[in-house]
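# Survey of secondary and tertiary structure
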Amino acid sequence: MIRWRSSGQLTYSGEQFADIFRATALWSQQSHIPVDVASAQEAVDHDDGVLHYDLEVMLALQTGGARELGELAAYLATSLEPGWVVAPAGAQLRCEFDLARARAAATPTSGRPH
């Protein structure tokens, strides 16, 4: 089970938040460990006609400890697209999406010298 107790609404992050919510819910169902979305914040900026978008989601386990948090981090790291960085932050898990990082990961590297 995963739950989000926030009354705040995210404006731009529909796809990214849905991805992390879905992956976390699947891990929670498989591990039988309930997860709370402790917070979710986004930052959006338009600079020189380019959209800069960041999303930070903090996850907290209702049961379990550091080992289970590490298992969730490893699962999310392999389940989410490359624009995400997942790392423990105390007793929670910080999940950060950066649109620039996602674009860089999607850029072909065939033009690089070997």
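Up top is the structure these notes are about.
This section reports on the structure supplied with the text.

## Structural notes on the overall build of the chain
Looking only at helices and strands, the chain features 3 helices and 5 strands. Ordered by position from the N terminus, the helices and strands of the chain form the series β-α-β-β-α-β-β-α. Considering only intrachain contacts with a sequence separation of at least 6, the fraction spanning at least 24 residues in the chain is 55%. When the accessible surface of the chain is summed, it comes to about 7000 Å², and 51% of that surface belongs to carbon and sulfur atoms.

## Focus on the packing of aromatic side chains
Scanning the model with the defined rule gives 3 aromatic pairs in all. Between Tyr53 and Phe97, the ring centres sit 6.2 Å apart and the planes meet at 50°, which makes this aromatic pair tilted. Of this pair, Tyr53 sits in strand S3 (residues 50–61) while Phe97 sits in strand S5 (residues 92–98), and the two are 44 residues apart along the sequence. Judged by its relative accessible area of 4%, Tyr53 is buried. Relative to Phe97, the ring of Trp84 lies with its centre 5.5 Å away and its plane at 55°, an arrangement referred to as tilted. A residue pair is termed long-range when its members are at least 10 positions apart, and Trp84 in strand S4 (residues 84–89) and Phe97 in strand S5 qualify at 13 residues. Clustering of aromatic rings is evident, with ring pairs tying together Tyr53, Trp84 and Phe97.

## Regarding the side chain of Glu68
Within the secondary structure, Glu68 is located in helix H2 (residues 66–79). Looking at Glu68, the relative accessible area reads 13%, which means it is buried. Excluding anything up to four places from it in sequence, Glu68 contacts Trp27, Ile33 and Leu61.

Scoring rules and cut-offs
Residues numbered from 1 in each chain as written. Predicted model: local features only at pLDDT ≥ 70, side-chain atom pairs only at ≥ 80, totals over all residues. Heavy atoms only, no water. Helix = DSSP H or I, 4+ residues; strand = E, 2+ residues; numbered from the N terminus. Contact = heavy atoms within 4.5 Å. Areas by Shrake-Rupley, 256 points an atom, 1.4 Å probe, with all protein chains shown as cover. Phe/Tyr/Trp six-rings, centres within 6.5 Å; stacked < 30°, edge-to-face > 60°. Buried < 20%, exposed > 50% of the residue type's maximum accessible area, 1.4 Å probe, protein only.

The values are spatial; any link to function lies outside them.
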